[in-house]
Amino acid sequence: MIYQANDQRYNRMEYERSGKSGIKFPVISLGLWQNFGGNKPFEESRAMIRRAFDLGITHFDLANNYGPPAGSAEETFGGILKKDMMPYRDEMLISTKAGYYMWPGPYGEWGSRKNLLASLDQSLRRMGIDYVDIFYHHRPDTDTPLEESMSALAQAVKQGKALYVGLSNYGPEETRRAAEILKELGTPLLVHQPNYSMLNRWIEEGLTEVLQQQGIGSIAFCPLGRGQLTGKYVDKLEHELNSGELTLKPQAVTAERLAKFRELESIAAHRGQSLAQMSLTWALRKGGVTSVLIGASKVSQIEENAASLSFPALTEDELKKIDSVLEQIGNFPW
């Protein structure tokens, strides 16, 4: 059966401009970091991509090494594009990245022009498309001149293989310098993708200010703290605390930490939300990020996360309560 997108999809999503650019991101984007690789059934991945698009999620975020195995998430996405989504290509933001280890030898990772441009060519072949909308440098490389890495991003745009460029995992001063170089090269920096959640607020210590000053958007990966900001994690935390059968990090399994998570759940429940939904609402609050990048292993998770948009913004009192609870809660990914 030929896929036909839901004609109400754009009424189901909110869209925010990325910095001073002409691009608007869906405030909820879908990342294919895990659960879309060659080790997962194709039809499950296909169902999630289709449902996300029907909910107005137009941005799909990949990287060369996503899988597992590395590269297979792009292959899966390319297969879904070919079967279902190619008629909607111009309605989608497709992004990919390079910088982490991808192939052996000195040119298979980091930030050289050779690595970045070769990786982008491989990504385009895996997805079966001529260009990506956003090409990111996935992590800073202290051994390669920043000018070389940024000129490679600019070259990808000049070659027509990317429309915009982004950075991920860059600190405040690195981001400022990169943005200045890209501006001189005539390829403004569109977006920065940092790890950001209630449990990891590092961007508030300088990066957010740089992005605002430079007119750059932001999209948070791991907005649920690698799953810690979900009811499933809190239940597991309680079970391990009571049973003594630890699979989580020992320093995470304390009565004090469990009490804090239960208090966060209570705040969310008072709003009619799940903890995961409130965590997304929090990340998208005023002064937060442009978009949150969710992961998913099943359609229902995408639906739950998208439903967070039906709730009002957090009040000042709620934000103060959350800040109070978060004190010394710790960040211990699974």
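Anything mentioned here points back to the structure above.
Rules used throughout
- Residues numbered from 1 in each chain as written.
- Predicted model: local features only at pLDDT ≥ 70, side-chain atom pairs only at ≥ 80, totals over all residues.
- Heavy atoms only, no water.
- Pairing = 2+ DSSP bridges.
- Helix = DSSP H or I, 4+ residues; strand = E, 2+ residues; numbered from the N terminus.
- Axes fitted to C-alpha atoms, helices over the stretch in contact; angles between N-to-C directions.
- Core = buried A, V, L, I, M, F, W, Y, C linked by side-chain atoms within 4.5 Å.
- Buried < 20%, exposed > 50% of the residue type's maximum accessible area, 1.4 Å probe, protein only.
- Contact = heavy atoms within 4.5 Å.
- Salt bridge = Lys/Arg side-chain N within 4 Å of Asp/Glu carboxyl O.

Q: For this particular structure, what's the right way to read the sheet that holds strand β8 (residues 189-193)?
A: Sheet strands pair via backbone hydrogen bonds, and the direction of the pair is either parallel or antiparallel. Spatial strand order, β3-β4-β5-β6-β7-β8-β9-β10: eight strands in a closed barrel with parallel pairing. The mean inter-strand angle of the sheet, taken between neighbouring strand axes irrespective of direction, is 30°. Where strand β3 (residues 28-31) meets strand β10 (residues 291-294), three bridges bridge the pair, whose relative direction is parallel. Opposite Ser 29, over in β10, you have Leu 293 as the bridge partner.

Q: Teacher, can you tell me more about the nonpolar core here?
A: Generally speaking, nonpolar side chains in soluble globular proteins are found buried as a group. The biggest cluster of nonpolar side chains holds 90 residues, and the ones touching the most others in it are Leu 30, Phe 77, Phe 261 and Leu 264. If one sorts the elements of this core by residue count, helix α9 (residues 275-283) sits on top with six residues. Once residues within four sequence positions are removed from consideration, Leu 30 is found in contact with Phe 36, Met 48, Ile 49, Ala 52, Ile 57, His 59, Phe 60, Asp 61, Leu 293, Ile 294, Ala 296 and Ile 302.

Q: Help me understand the side chain of Thr 281 in this model?
A: Along the chain, Thr 281 falls in helix α9. Contacts of Thr 281, omitting those with residues within four sequence positions, involve Arg 271, Gln 273, Ser 308, Pro 312, Ala 313 and Leu 314.

Q: So what exactly am I meant to see when it comes to the pattern of salt bridges here?
A: Here the structure, examined in full by the defined rule, presents 19 salt bridges. Close ionic contact of Asp 61 with Lys 97 constitutes a salt bridge, the shortest N to O distance being 2.5 Å. Of this pair, Asp 61 sits in strand β4 (residues 59-61) while Lys 97 sits in strand β5 (residues 93-98); the two residues are 36 residues apart in sequence, bridging distant segments of the chain. Just as Asp 61 is buried, Lys 97 falls in that class too. Residue Glu 318 is joined to Arg 271 by a salt bridge in which the shortest nitrogen-to-oxygen separation is 3.0 Å. Note that Glu 318 is positioned in helix α11 (residues 316-326) and Arg 271 in the loop between α8 (255-270) and α9, a separation of 47 residues in sequence. Residue classification places Arg 271 among the buried residues on the basis of a relative accessible area of 11%.

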